[in-house]
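Architecture at a glance
The primary structure of each chain is shown beneath.
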Amino acid sequence: MTDTLRPTAVPQDVTEPGASPQKLKRSIGVVGGTLLTLSCVTPASTLFVVVPDLFGDLGTATALTIAIGSLLCIGVAFCYSELGTLIPSAGGEYAMVTTLAGRLAGWLVFVLSLLVVMIVPPVIAMGTADYLAPLVHLDPSVAGAGVMLLATLAGLLDLRANAWITGVFLVLEVIAAAVVAVLGFAHSERGAGSLVSMQVAGDGGHTDTVTAMLVVSGLAIALFVTQGFSTAVYLSEELENPRTSVARTVLATLAISTVIIIVPVVAITMGAKDLSALTSGDISGMVEAWSNSAVGTFVSLCVALAIINAGIVMVIQNSRVLFASARDKAWPEPVNRGLAKLGRFGSPWVATLVVGIPGAALCFVNLDTLYGVTGVSVTGMYLLVAVATLLARRGGHRDKAAWRMPLWPAVPVLLIAVMAYILVEQDVTYLLWTGGITAVATLYWVFYLRPRQDTRWLVSLPEDEQE
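What you see is a predicted model; the values in this text were computed from it and never measured.

Thresholds applied
Residues numbered from 1 in each chain as written. Predicted model: local features only at pLDDT ≥ 70, side-chain atom pairs only at ≥ 80, totals over all residues. Heavy atoms only, no water. Helix = DSSP H or I, 4+ residues; strand = E, 2+ residues; numbered from the N terminus. Buried < 20%, exposed > 50% of the residue type's maximum accessible area, 1.4 Å probe, protein only. Contact = heavy atoms within 4.5 Å. Areas by Shrake-Rupley, 256 points an atom, 1.4 Å probe, with all protein chains shown as cover. Core = buried A, V, L, I, M, F, W, Y, C linked by side-chain atoms within 4.5 Å. Expected span 1.5 Å × (residues − 1). Arc of directions from axis to C-beta. Salt bridge = Lys/Arg side-chain N within 4 Å of Asp/Glu carboxyl O. Polar contact = N/O pair within 3.5 Å; in protein donor to acceptor, adjacent residues only side chain to side chain. 1 Å grid on protein atoms, 1.4 Å probe; cavity = no way out; pocket = protein on both sides within 12 Å on 5 of 7 lines; lining within 4 Å. Points joined across faces, edges and corners; volume = space filled by probe spheres on them. Axes fitted to C-alpha atoms, helices over the stretch in contact; angles between N-to-C directions. Parallel < 35°, antiparallel > 145°, perpendicular 65-115°, else oblique. Nonpolar A, V, L, I, M, F, W, Y, C, P; charged D, E, K, R; others polar. Left-handed = near helix turned anticlockwise from the far one by under 90°. Patch = residues over 30% accessible without salt bridge, like charges linked within 9 Å, V, L, I, M, F, W, Y side chains within 5 Å. pLDDT = per-residue confidence, 0-100.

1. Re the overall build of the chain
Within the chain, the regular secondary structure consists of 19 helices and two strands. Out of the 467 residues belonging to the chain, those deemed buried represent 58%. For the chain, contacts bridging at least 24 residues in sequence account for 82% of all contacts bridging at least 6. In the form shown here, the chain has an accessible surface area of approximately 17300 Å², with 66% of it arising from carbon and sulfur atoms.

Right, here's the structure in full:
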């Protein structure tokens, strides 16, 4: 982590005529960025909160599905690395897609990313109650809301301070994942062949076969499992030397998080007492059965800290998205002024509150709906990012300094085809929810943004990246 701090720019009102767009200070290097990004992937909380639902649907096919999703994410990471170094903006996906594929496409990506960044933190936060159970019994929604409010307070602090806080928590969650992996392998009940046996426990104790179509459907959630590697793009305005550090952070994070998640998943699949225990997804119960209650309590508390850690980092990331949208004038002027305000620590404090407080409220929404809408949104967002990557080597962008992916344009073309196929295999209800929200956003574009295209939705880059 770099110790070099640049002075913070004097804040200017985003509405001041002729004023330069506000920019965030570059204060972290690849190590700090990787810690923050890994914390946003939050491997342990993903393992203990999201993966159990996959075990319930996919049984022994869970590890295979996550492995396929991780392979697809390599192509996605290539796209993010190239576009993130070509267009380093806190706006992330929407800044990249707007610049390369047009303002409407960028707006739709912004809406999808906003859905993801608003929904994912409460989804993870609601898992806190299960892992605090050894100490106190809490309602999952209440515990999740508390975590979101705590993360919001932490998100108001200096980013470099948060990098150290989240780094400590990250060590604890990696230890928890490692303990699960060691115990699972040490108590293996079945061989490696079980990883491709495609079986799940059905009702009444009988065994059902997991179909290929069910695996394809599960890929939307599998993509979500390692989705946080894109945080490096959101942090690109605060990373030193973004032309090189963004790509390094994205690719390193994907590799590390995949190992941290998939190794314990393999161990759990092989070590579960029987298929019913695996399908139940009760990882804490399995840990206690493999060891004792003290180890189970230790792992549970590490996971609870990991979830809090994830909440902090996600609030940091998501507030940057709203900050960038205000700087780019996506909203009526009073809203732009509020969201673009920087606090004493250099953080966008109003945007942080706007992310955190509604996030606490979402903890009281049906969890399955949140999962479904998130899966559809992530898949659609990746599809549009892949489309933008096809356009990244034309015109003035052809010779611009940036990290360039291998196997272009084959990688983005393949991603477009696969993501489109995954989308059509999703539950109609979640497609309708996501499609309805996107339709409303399109109407906002048609009736408010497009008629004001000279003064609204003006996607910008920091001054030091415009040259």
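There's plenty left to go through after this.
2. What to know about the nonpolar core
One finds Phe48, Tyr80, Trp107, Phe229 and Ile268 to be the most contacted residues of the largest nonpolar core, which totals 140 residues. Residue contributions to this core peak at 17 residues, all from helix H14 (residues 293–327).

3. Here we look at the environment of Gly69
The topology assignment puts Gly69 in helix H3 (residues 62–86). For Gly69, a relative accessible area of 0% puts it in the buried group. The spatial distance from the C-alpha of Gly69 to the C-alpha of Thr226 is 8.4 Å, given a sequence separation of 157 residues. When sequence neighbours within four positions are dropped, the list of residues in contact with Gly69 reads Leu219, Ala222 and Leu223.

4. Thoughts on helix H18 (residues 410–424)
The end-to-end C-alpha separation of H18 is 22 Å, in line with the 21 Å expected for 15 residues at 1.5 Å each. When H18 is considered as a whole, its buried residues turn out to be Val411, Pro412, Leu415, Met419, Ile422 and Leu423. Around the axis of H18, the buried residues are gathered within 95° of arc, so they sit on the same side. Of the residues in H18, the exposed ones pointing more than 90 degrees away from the buried face are Leu414 and Val424.

5. A look at unusual backbone geometry
Here Trp408 and Pro409 are connected by a cis peptide whose omega angle stands at 5°. Within the secondary structure, Pro409 is located in the loop between helix H17 (367–390) and H18. The residue Met198 is not glycine, and still its phi comes out positive at about 55°. Take Met198: it is sitting in the loop between helix H8 (159–186) and strand S1 (199–201). By relative accessible area, which is 17% here, Met198 ends up buried.

6. Some points on the pattern of salt bridges
Using the criterion set out here, one finds three salt bridges in the structure. Notably, a salt bridge pairs Arg393 with Glu82, separated by 2.9 Å at the nearest N-O pair. Linking Arg393 in the loop between H17 and H18 with Glu82 in helix H3, this pair joins segments that are 311 residues apart in sequence. A salt bridge links Arg456 to Glu333; the shortest N-O distance between them is 3.1 Å. Of this pair, Arg456 sits in the segment after helix H19 (428–449) while Glu333 is found in helix H15 (residues 333–339), placing the two residues 123 residues apart along the sequence. For Arg456, a relative accessible area of 9% translates into the label buried.

7. Section: helix H7 (residues 140–155)
The end-to-end C-alpha separation of H7 is 22 Å, in line with the 22 Å expected for 16 residues at 1.5 Å each. Among the residues of H7, those classed as buried are Ser141, Ala143, Gly144, Ala145, Val147, Met148, Ala151, Thr152, Ala154 and Gly155. Two to three positions downstream of the cap, the backbone nitrogen of Ser141 sits 2.9 Å from a side-chain oxygen, assigning the N-cap of H7 to Asp139.

8. Quick word on the layout of surface pockets
In this model, the largest pocket occupies a volume close to 450 Å³. Surrounding the largest pocket, 16 residues form its lining, Asp57, Ser217, Ile221, Tyr371 and Tyr430 being those nearest its centre. Mapped onto the lining of the largest pocket, the elements with two or more residues apiece are helix H2 (43–58), helix H9 (212–225) and H17. Here the lining of the largest pocket takes five residues from H9, the largest share from any one element. Of the pockets and cavities examined, the second largest pocket occupies roughly 320 Å³. What lines the second largest pocket is a set of 22 residues, and nearest its centre among them are Phe48, Pro52, Gly127, Asp130 and Tyr131.

9. Some details on the packing of H7 against helix H16 (residues 349–362)
For the pair H7 and H16, interaxial distance at closest approach is 8 Å and the crossing angle is 170°. One finds that H7 runs roughly antiparallel with respect to H16. From H7, Ala145, Met148, Leu149, Thr152 and Gly155 reach across to H16, where they touch Thr352, Leu353, Gly356, Ile357, Gly359 and Ala360. Split into classes, the residues belonging to the contact of H7 with H16 amount to six nonpolar, five polar and no charged.

10. Section: the packing of helix H4 (residues 93–101) against H17
Where H4 contacts H17, the axes come no closer than 9 Å and their chain directions differ by 40°. Relative to H17, the element H4 is oriented oblique. Crossing of H4 against H17: the hand is left-handed. Note on element contacts: H17 touches H4 through Met381, Leu384, Val385 and Ala388, opposite Glu93, Val97 and Leu100.

11. Re a nonpolar patch on the surface
Nonpolar side chains collect at one region of the surface, where Leu135, Val136 and Leu138 lie side by side and expose about 270 Å² of accessible area between them. Residue classification places Leu135 among the exposed residues on the basis of a relative accessible area of 62%.

12. What about the confidence of the model for the chain?
On average, residues of the chain carry a pLDDT of 81, and 86% of them reach 70 or more. No element of the chain has a lower mean pLDDT than helix H1 (residues 30–41), at 71, and none a higher one than H19, at 94.

13. Here we look at the side chain of Ser319
Relative to the elements of secondary structure, Ser319 occurs in helix H14. Residue classification places Ser319 among the buried residues on the basis of a relative accessible area of 0%. In this structure, Ser319 is in contact with Pro348, Ala351, Thr352 and Val355, ignoring residues within four places of it in sequence.

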